[in-house]
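# A closer look at the structure
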Amino acid sequence: ARAPLRCPGGAAMRLPRSAAAALALCAALAGRAVAEQLPVALRAPSGRVNRGLAMELVSRRAFEWTGDDAHEACEDGAPVALLVPRPEAGTHAQEWAVYGQTGQGWERLDAGDSVVEAPRAGGVAANASRPVGANGATVPSAPRLVISGCATGPRLAPHAAETASSPQVGTLFEGWHTFGAQALANISRRGGAKLAVEDVIRSNGRLQLSDILSKWGEESDAMHFYYQATPSMGYYCWYRAPPGGPRVAADCENITATLTQEAQWLTRAGVDFVSIDASNLPTWSPQAEGIQVRPQAVIFEEWAALRGRGGATPAITAFQTVPAGGTLWKDAVALYTAPGSEALVYRAPSAGHGGQERKVFFVPSPPGHGPDAGIVAEIERQANATVVDMWALFSASTAAQGRWAFMSPCTDARSGDFTTSVAGRGAGTPCGQALTTNAPIGTARTAMAVGPSYQLAYSSLEQSPGKLGGLTLRRQVATALRDRPEFLFLSSWNEWIAQPQANPYGPAAADGKPSGWERVMSPAARAALGASPETTAAGAASPYAFSVGLPGDSMRFSLWVDSYGSSLDRDIEPSVQGGADRNGTRMYDLVASCLRVMRLQRLLAPTGSEPGARSFVPVAGASAPCSVAGEVCCQATDAELWRPVWSLRAKTGDDSLLTVDPNELAILTAPGGPYEQVCSAYSGPTDWCVDQGVLASHAAVEGPFVVGGPPNLDGGAPAQGLGAGSVPLYRCLTPRQQHLFSTHSDCEGIGRAESMLGGISPTRSSATPRQLVRCAAAGGKGYYHSLDAGCREGDVGTAVLGFVH
């Protein structure tokens, strides 16, 4: 255990900035390889003992420098090095990201091609804030967080790993793909293509939504579940009939392989537990058996077996709906108490039991349909669990009562209202989602939801900000960096599928009756849900109220709520359409990076409210929002961001113009000003006005939209989410003092450029689903734009310029 340690040195590890960091890395890896508990004498690469340095394993989970000569122990400018797992790791080794302190703060030091493998050794808890064996989890590699510091820098006590493990991270985890996946498999066997909604959107009219299921007669068998995007592992599912039990579908293929990959992705990203979503069906039915009961049991079975083979998995919680008369909670409780699966259940300190660790069981609590108190009491008694209410879209006052959110919207800084207006602010600007306080679990008892997107109503009407290439996630992470919750909940990991919903705004059905909710809801009930008076009357509807990106689709008036395509959704798991880089892992890489940044913040600047924390001087810059150089979470340039575009119309005359400048907007639309806004038809945004009355006219498609940041005209990368070939959109002014817009800096000879509004995509996708058309009004009465629709009757479309959000 005390044999000399000889490392190859900084150059071989590609760490020229900091030999001390390289030495710390060597020592950390050797500490794991040589001994679990014994100190390791550290020697420099030359073999000479580096005076004052000794690595000591603290609490089996963290390292700390000790020594009698701090000045010789550390190099100037790099007194501390931090090691955190990298998500780029292969399937058989744990790799590390290495951070060092520089004069400007903290920076990731390892180059992209620098790979350091930690020796595989068992016995370390995945849930690093607990003793080895808590939650039954073991990690076959080094601890999640290893810290080494100098006597001259902040001293990290033995509790450092516990502080480092905060926040504890969970995610919504779906097993409901059975019928949707098997319907696509049936289509494939008959020679058809497996398609997702994103494929149809990107086809720009070549494909129809009916090509996915209806064309093949599979919509009923799929239970109307449409895949929105394609998981990188393919259309997997996890149903397996129980021995001697009812069979409601064929057994899914490749269950072990896909759940093993899921466990690897989740643990490498830093996710501590998953919550298996059973929030819809409370009682047994063939559907419930296929999408909730059996997939939940199979996940427990497969991950228990994986741990038995020495693999790492997250812990598991239920998220089971429990209204009066519900019965499926009993299946979840059986898994919580069975000898083969109990060890997988996530545990946390229970506020109602003096901080004693208990199993955690989540239940949905939608307004007016809360959990049955008697069932909750039985769950707590039978499973020795703490039940936690969890839902979405509730107020800050509700969050202060201890309710968790699985999804939480950004709020407008001026009004405090929920908003979909995420673009136009810096990636480091907190979006202000709610912080749960007084939660029934934890020590600080705080929690926060963070996600790539969220929705306030219909995602396919863009009542969702969408992922915006990662901007929504970055702004939600900025809130978490500011408010430092003890628990973080990601929504969601792998939702993928959704069912089309009826349209409260669309045209009448073929039988002449009102469409969608108008068939089944009273005018008062529809009005309470936000339907405008214009559409409340039977038969009154708008031809412009269709899912964005599908202007000519036969199913365009079907709407989608939680997910729409690969960008107006919340999924993190890698997908085929998830990003041009790294085979669709853009969102996964970003989430993993942001979790590392949050944990680095906790190591360097813990607060007194965190478990086991003690006061010391924070490292300069460590507590600033996302201030770690080299982490993609903190690397958002102007060209990668998105910006809102306001649509203005002259109060007198024929001019229309577009602006991205809030100051110009304020001047032009001030009382007595020459212009007025053309409003959005649907609630959600707070940057621009909302008026559902515009649905009655062509103004519904002449309103505001979102563009990417200015494209790099020298051939650099476009805005995240815009796709390759992003082109600039210019605002122009003609000699007749009429505004128009063009993708040419010379305005096609029609006028002169006044400004560049931003970048637009040459291709349609759910990130940029709406076609931007330039229209010329008859009689030379100016220009205006149309989104996913033709021009006004009698006017002419003069250019299709591209696609916008």
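For the structure itself, look to the data block above.
Not measured: the values here are computed from a predicted model. (Residues numbered from 1 in each chain as written. Predicted model: local features only at pLDDT ≥ 70, side-chain atom pairs only at ≥ 80, totals over all residues. Heavy atoms only, no water.)

### Section: the overall build of the chain
Helices and strands together make up the secondary structure of the chain, namely 15 helices and 32 strands. For the chain, the residues scored as buried account for 59% of the 805 residues in total. Within the chain, contacts between residues separated by at least 24 positions form 69% of all contacts whose residues are at least 6 apart in sequence. A total accessible area of about 29,100 Å² is found for the chain, and carbon and sulfur atoms account for 52% of it. (Helix = DSSP H or I, 4+ residues; strand = E, 2+ residues; numbered from the N terminus. Buried < 20%, exposed > 50% of the residue type's maximum accessible area, 1.4 Å probe, protein only. Contact = heavy atoms within 4.5 Å. Areas by Shrake-Rupley, 256 points an atom, 1.4 Å probe, with all protein chains shown as cover.)

### Structural notes on the pattern of salt bridges
Between side chains of opposite charge, pairing is possible as soon as their charged atoms come close. Scanning all chains against the criterion turns up 22 salt bridges. Of the charged contacts in the structure, one is a salt bridge between Arg570 and Glu495, with a shortest N-O distance of 2.9 Å. Taken together, the residues span a long stretch of sequence, with Arg570 in the loop between α13 (533–536) and α14 (586–604) and Glu495 in the loop between β20 (487–490) and β21 (497–498) at a distance of 75 residues. Judged by relative accessible area, Glu495 falls into the buried class, the value being 5%. Here Asp562 and Arg570 are joined by a salt bridge, their closest N and O atoms 3.5 Å apart. (Salt bridge = Lys/Arg side-chain N within 4 Å of Asp/Glu carboxyl O.)

### What to know about the state of the cysteines
Per the counting criterion, the structure on display carries six disulfides. Each sulfur in the disulfide pair Cys410 and Cys431 lies 2.5 Å from the other. Across the S-S bond linking Cys410 and Cys431, the dihedral sits near -80°, which makes this disulfide left-handed. With Cys410 in strand β17 (residues 410–411) and Cys431 in the loop between β18 (418–419) and β19 (447–450), the pair connects residues that are 21 residues apart, well separated along the chain. Between Cys775 and Cys791 runs a disulfide, and the two sulfur atoms are separated by 2.0 Å. Handedness here is read from the sign of the S-S torsion; for Cys775 and Cys791, about -85°, the answer is left-handed. Taken as a pair, Cys775 in strand β30 (residues 770–776) and Cys791 in the loop between β31 (783–787) and β32 (796–804) lie far apart in primary sequence, 16 residues in all. (Disulfide = S-S within 2.5 Å.)

### A look at the environment of Arg764
Here Arg764 lies in the loop between β29 (752–760) and β30. The class of Arg764 is buried, set by a relative accessible area of 6%. Separated by 41 residues in sequence, Arg764 and His805 have C-alpha atoms that sit 9.7 Å apart. Beyond its immediate sequence surroundings of up to four residues, Arg764 is in contact with Ile201, Arg202, Asn204, Gly549, Pro551, Pro769, Arg770, Gln771, Asp788 and Phe803.

### Some points on the packing of aromatic side chains
Across all of its chains, the model carries 19 aromatic pairs by this definition. Aromatic pair Trp404 and Phe487: ring centres 5.3 Å apart, planes at 45°, arrangement tilted. Note that Trp404 is positioned in strand β16 (residues 404–407) and Phe487 in strand β20, a separation of 83 residues in sequence. With respect to class, Trp404 is no different from Phe487; both count as buried. Taken together, the ring pairs connect Phe273, Tyr346, Phe362, Trp404, Phe487 and Phe489 into an aromatic cluster. Positioned above the aromatic ring of Phe394 is the side chain of Arg403, whose terminal nitrogen or guanidinium carbon lies 5.6 Å from the ring centre. Over the face of the ring belonging to Tyr784 we find Arg792, whose NZ or CZ atom lies 3.8 Å from the ring centre. (Phe/Tyr/Trp six-rings, centres within 6.5 Å; stacked < 30°, edge-to-face > 60°. Lys NZ or Arg CZ within 6 Å of the ring centre and 35° of its normal.)

### A word on the sheet that holds β30
Strand order across the open sheet formed by three strands is β31-β30-β32, with antiparallel pairing between neighbours. Each edge of the open sheet carries a strand with a single partner, namely β31 and β32. Across the sheet, the mean angle from the axis of one strand to that of its neighbour is 25°, orientation sign disregarded. Here β30 pairs with β31 via five bridges, running antiparallel. Residue pairing in the sheet places Val773 in a bridge with Ser786 of β31. (Pairing = 2+ DSSP bridges. Axes fitted to C-alpha atoms, helices over the stretch in contact; angles between N-to-C directions.)

### Points about the side chain of Ser656
Structurally, Ser656 can be placed in strand β24 (residues 656–659). In this view, Ser656 contacts Leu648, Arg649, His739, Tyr783 and Tyr784; residues no more than four positions away in its chain are not counted.

### Overview of the nonpolar core
Within the largest apolar cluster, 100 residues are counted, with the highest numbers of intra-cluster contacts made by Phe173, Ile212, Trp303 and Phe361. Broken down by element, this core gets its largest block of residues, ten residues, from α14. Among residues more than four places away in sequence, those in contact with Phe361 are Ala318, Gln320, Ala332, Val333, Tyr336, Ile379, Ala385, Thr386, Val387 and Val388. (Core = buried A, V, L, I, M, F, W, Y, C linked by side-chain atoms within 4.5 Å.)

### Observations regarding the pairing of strand β28 (residues 739–742)
Note on strand geometry: in a regular strand, side chains alternate between the two faces of the sheet. Neither face of β28 is left uncovered, since the one carrying His739 and Phe741 and the one carrying Leu740 and Ser742 both have all their residues buried. In the sheet, strand β27 (residues 727–733) pairs with β28 via four bridges, with the strands oriented antiparallel. From the neighbouring strand, Cys732 faces β28, where its bridge partner is Leu740. In sequence, β27 turns back onto β28 through a hairpin of five residues, with Gln737 there showing a positive phi of about 65°.

### Structural notes on the environment of Pro644
Relative to the assigned elements, Pro644 resides in strand β23 (residues 642–650). In this structure Pro644 comes out as buried when scored by relative accessible area, which is 6%. Expressed as a C-alpha distance, the spacing of Pro644 and Ser421, which sit 223 residues apart in the sequence, is 8.0 Å. For Pro644, the residues in contact, after removing those within four places along its chain, are Ala423, Gly424, Thr659, Val660, Asp687, Trp688, Phe705 and Val706.

### A word on the packing of helix α6 (residues 255–269) against helix α7 (residues 286–308)
It is at 10 Å that the axes of α6 and α7 come closest, and there the two elements cross at 75°. Between α6 and α7, the angle is such that the two are roughly perpendicular. Judged by residue contacts, Ile255, Thr256, Leu259, Thr260, Glu262, Ala263 and Leu266 of α6 engage Val298, Ile299, Glu302, Trp303 and Leu306 from α7. Residue composition of the contact of α6 with α7, by class: eight nonpolar, two polar and two charged. (Parallel < 35°, antiparallel > 145°, perpendicular 65-115°, else oblique. Nonpolar A, V, L, I, M, F, W, Y, C, P; charged D, E, K, R; others polar.)

### Comments concerning helix α4 (residues 178–189)
For α4, which comprises twelve residues, the first-to-last C-alpha distance of 17 Å matches the rise-based estimate of 16 Å (1.5 Å per residue) to within 8%. When you tally the buried positions in α4, you get nine out of twelve residues, the bulk of the element. Of all the positions in α4, only Thr178, Phe179, Gly180, Ala181, Gln182, Ala183, Leu184, Ala185 and Ile187 are classed as buried. Buried residues along α4 sit against β10 (226–227) and α7. (Expected span 1.5 Å × (residues − 1).)

### Quick notes on the pairing of β24
Alternating positions in β24 separate into two faces, Ser656 and Leu658 on one and Leu657 and Thr659 on the other, with burial throughout. Pairing of β23 with β24, which is carried by four bridges, proceeds in the antiparallel orientation. Note that in β24 the partner of Arg649 across the bridge is Ser656. The antiparallel hairpin formed by β23 and β24 contains five residues in its connecting segment, where Gly653 sits at a positive phi of about 90°.

Interpretation note: all reported values are geometric properties and have no functional meaning in isolation.
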